[in-house]
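Here is what each chain is made of, one letter per residue.
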Amino acid sequence: DTGVSQNPRHKITKRGQNVTFRCDPISEHNRLYWYRQTLGQGPEFLTYFQNEAQLEKSRLLSDRFSAERPKGSFSTLEIQRTEQGDSAMYLCASSFGGAAYEQYFGPGTRLTVT
Amino acid sequence: AQTVTQSQPEMSVQEAETVTLSCTYDTSENNYYLFWYKQPPSRQMILVIRQEAYKQQNATENRFSVNFQKAAKSFSLKISDSQLGDTAMYFCAFILRNAGNMLTFGGGTRLMVKP
């Protein structure tokens, strides 16, 4: 399978714990995006990487959130001191270039904070 | 800032019939792309169709076509000969052409195709 993969697919954690998600983009794609999707809503942009550089961050990305993309390959999204409001589906997407290029989405990681 | 609005939270259609999903957007920019994405239950989001704002001709992909009205900032999706596999959430999305790094999505329309 050469699509975008995300791990884990599901994560249940207790409030206050830290969690980390991983995204593996399509190998030749240099752009990687993170979105958050709450139940019944459309995805909302969180952050974007071009190669290893994080070039844009949404106001939704509080200081408890951090994302990395070492060596311009896979990416991780960490949430520290999770809150119940962090419960959502976290989607990763990748693309070969800018706006003209299709963003390919992964299956997402569903986070439940209890 | 750009916004995308989908005014139909849920719709249903009989198999083999035609259905149209509505989308309006707001932007002060002139160069952008519009998309319809499909998100089947428990499956990942996939691109259905794309429209470049500078093209007057409406995009078509097999049974899927759009009605793009730039002046009205309207971008509807028509699904012809609906199939059971079309059952999904459908999201309208927008991205700026020259400085676009993020997709802005509408709230989605849940489409149920009934046998």
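Higher on the page you've got the structure.
Reading guide: rules and limits
Residues numbered from 1 in each chain as written. Chains lettered and ligands numbered in written order. Predicted model: local features only at pLDDT ≥ 70, side-chain atom pairs only at ≥ 80, totals over all residues. Heavy atoms only, no water. Helix = DSSP H or I, 4+ residues; strand = E, 2+ residues; numbered from the N terminus. Rg over C-alpha atoms; globule rule 2.2 N^0.38 Å. Phe/Tyr/Trp six-rings, centres within 6.5 Å; stacked < 30°, edge-to-face > 60°. Buried < 20%, exposed > 50% of the residue type's maximum accessible area, 1.4 Å probe, protein only. Contact = heavy atoms within 4.5 Å. Buried area = accessible area lost by both parts, 1.4 Å probe. Salt bridge = Lys/Arg side-chain N within 4 Å of Asp/Glu carboxyl O. Polar contact = N/O pair within 3.5 Å; in protein donor to acceptor, adjacent residues only side chain to side chain.

Trainee: For this particular structure, what's the right way to read the overall build of chain A?
Mentor: Across its full length, chain A holds zero helices and eleven strands. N-terminal to C-terminal, the α/β element order of chain A is β-β-β-β-β-β-β-β-β-β-β. Computed over the C-alpha atoms, the radius of gyration of chain A is 13 Å, within 12% of the 13 Å expected from 2.2 N^0.38 for a compact globule of 114 residues. Dimensions of chain A, computed from C-alpha atoms along their principal axes, come out at roughly 40 × 25 × 25 Å.

Trainee: Would you explain the packing of aromatic side chains in this entry?
Mentor: The geometry of two aromatic rings is summed up by the distance between their centres and the angle between their planes. Summed over all chains, the structure comprises 18 aromatic pairs over all chains. Taking the centre distance of 6.0 Å and the plane angle of 75° together, the rings of A:Y35 and A:F45 count as edge-to-face. Here A:F45 lies in strand β5 (residues 44-50) and A:Y35 lies in strand β4 (residues 31-37), a separation of ten residues in the sequence. Taken as a pair, A:Y35 and A:F45 share a single burial class, namely buried. Measuring from ring centre to ring centre gives 5.5 Å for A:F105 and B:Y37, while their planes differ by 80°; the resulting arrangement is edge-to-face. Pair noted here: A:F105 is in strand β10 (residues 104-105) and B:Y37 is in strand β5 (residues 32-39), and the two residues belong to different chains. Through pairs of rings, three or more aromatic residues link up here, namely A:Y33, A:Y35, A:F45, A:Y48, A:F105, B:Y33, B:F35, B:Y37, B:F91 and B:F105.

Trainee: What's the story with the interface of chain B and chain A in this structure? I'm lost.
Mentor: Between chain B and chain A, the contact holds 20 residues from the first and 23 residues from the second. Summed over both sides, the interface between chain B and chain A buries roughly 1,600 Å², with carbon and sulfur atoms accounting for 53% of that surface. At the boundary of chain B and chain A, one finds zero salt bridges. Counting the contacts that link chain B with chain A gives four residue pairs in polar contact (both at pLDDT 80 or more). Looking at the side of chain B that touches chain A, the elements with two or more residues in it are β5, β6 (46-52) and β10 (88-96) of chain B. Per-element accounting of the side of chain B that touches chain A gives the leading share, four residues, to β5(B).

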